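Coordinate inspection notes
Here are the chains, one letter per residue:
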Amino acid sequence: MKILYITNDLSQIGGIEKYNKDVLNALKSEGFEYRHLQRQAGGFFQKLLFLCHFFWLMLFSRPSLVFCSHLHHAPLCLIAKKLLGVEYFLAVYGIEIRYIGKFWYSKSANNASRIITISEFSKSLILSNLGSHSLEKIYMLPSAVDTKTFFPKQKSTELVNKYNL
């Protein structure tokens, strides 16, 4: 299976960027064949470049699945599905869900094979905007935790005593 994974600029620091880096690392470690296309920050020229590169890859790389990591890219995936028959997964996280009820985003979300989200709260927002018919296509994939950085340590007697734990 050939996957085209589209994201915003992952050099930025944020939750969505970390989430996508984790998913990309998982795809790599599991041996999936994928191409990663990033929408670089910038104005009209960067948007046009991203658009051209996306359709170039759709036509000449012919992925069997597009993983769309942001709602704002979903209308491109909808067009690719209608023109080329390429299925897509759509990941939505939180704040951008407020736009999912708008016509093109709603149409794009409803045409996605899967809608991937990170929490029950996000799932309920999606369902309230798209309706319960979308329930069967929603898949929960919570954010990962780096266990090299975050792990249980020895109990602090001082804190146990201070907070009466």
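Let us look at the structure shown here. (Residues numbered from 1 in each chain as written. Predicted model: local features only at pLDDT ≥ 70, side-chain atom pairs only at ≥ 80, totals over all residues. Heavy atoms only, no water.)

This part covers the overall build of the chain. For the chain, the helix and strand inventory stands at 6 helices and 6 strands. Along its sequence from the N terminus, the chain presents helices and strands in the succession β-α-β-α-β-α-β-α-β-α-β-α. Along the first, second and third principal axes, the C-alpha set of the chain runs to 65 × 35 × 35 Å. Put simply, the chain has 165 residues, and 37% of those count as buried. Across the chain, contacts joining residues at least 24 apart in sequence account for 59% of those joining residues at least 6 apart. If you sum the accessible surface of the chain, you get close to 10,300 Å²; carbon and sulfur atoms cover 60% of it. (Helix = DSSP H or I, 4+ residues; strand = E, 2+ residues; numbered from the N terminus. Buried < 20%, exposed > 50% of the residue type's maximum accessible area, 1.4 Å probe, protein only. Contact = heavy atoms within 4.5 Å. Areas by Shrake-Rupley, 256 points an atom, 1.4 Å probe, with all protein chains shown as cover.)

What follows covers the pattern of salt bridges. Within the structure shown, the criterion is met by 2 salt bridges. Between Lys-18 and Asp-22 there is a salt bridge, and its shortest N-O distance comes to 2.4 Å. In this pair, Lys-18 and Asp-22 both sit in helix H1 (residues 15-29), 4 residues apart, roughly one turn of the helix. Where Glu-87 meets Lys-81, a salt bridge forms, and the shortest distance between an N and an O atom there is 3.6 Å. (Salt bridge = Lys/Arg side-chain N within 4 Å of Asp/Glu carboxyl O.)

Right, let's get into the environment of Gly-85. With respect to the element layout, Gly-85 can be found in the loop between helix H3 (74-84) and strand E4 (87-91). Distance from Gly-85 to Ser-64, taken between C-alpha atoms, is 9.0 Å for residues 21 residues apart in sequence.

The next point concerns the sheet that holds strand E5 (residues 114-117). Reading across the sheet, the 6 strands line up as E2-E1-E3-E4-E5-E6 and stay open at both edges, with parallel pairing between neighbours. The outermost strands of the open sheet, each flanked by one partner alone, are strand E2 (33-39) and strand E6 (138-140). Looking at each pair of strands side by side, their axes are set apart by 20° on average, direction ignored. Pairing analysis gives 3 bridges linking E4 to E5, with the strands arranged parallel. By the bridge assignment, Phe-89 is partnered in E5 with Arg-114. (Pairing = 2+ DSSP bridges. Axes fitted to C-alpha atoms, helices over the stretch in contact; angles between N-to-C directions.)

As a further point, take helix H4 (residues 103-111). For H4, the complete set of buried residues consists of Tyr-105, Ser-106, Ser-108, Ala-109 and Asn-111. Tucked into the core, H4 has its buried residues touching H3, E4, E5 and helix H5 (120-130).

Taken together, Phe-44, Leu-48 and Leu-51 make up a surface patch of nonpolar side chains, about 300 Å² in accessible area. By secondary structure assignment, the location of Phe-44 is in helix H2 (residues 44-60). (Patch = residues over 30% accessible without salt bridge, like charges linked within 9 Å, V, L, I, M, F, W, Y side chains within 5 Å.)

A separate point is the nonpolar core. Residues Ile-6, Phe-54 and Val-66 are the most contacted members of the largest nonpolar core, which totals 28 residues. Those elements giving two or more residues to this core turn out to be strand E1 (2-8), H2, strand E3 (65-68), H3, E4, H4 and H5. Broken down by element, this core gets its largest block of residues, 5 residues, from H3. Excluding residues within four positions of it along the chain, Phe-54 makes contact with Leu-4, Ile-6, Leu-37, Val-66, Leu-76, Cys-77 and Ala-80. (Core = buried A, V, L, I, M, F, W, Y, C linked by side-chain atoms within 4.5 Å.)

Here we take up the packing of aromatic side chains. All chains considered together, the criterion is met by 5 aromatic pairs. For the pair Tyr-5 and Phe-67, a centre-to-centre distance of 4.5 Å together with 5° between the ring planes defines the contact as stacked. Linking Tyr-5 in strand E1 with Phe-67 in strand E3, this pair joins segments that are 62 residues apart in sequence. Like Tyr-5, the residue Phe-67 is buried in the burial classification. Between Tyr-19 and Tyr-93 the ring centres are 5.3 Å apart and the planes differ by 80°, which places this aromatic pair in the edge-to-face class. Taken as a pair, Tyr-19 in helix H1 and Tyr-93 in the loop between E4 and H4 lie far apart in primary sequence, 74 residues in all. (Phe/Tyr/Trp six-rings, centres within 6.5 Å; stacked < 30°, edge-to-face > 60°.)

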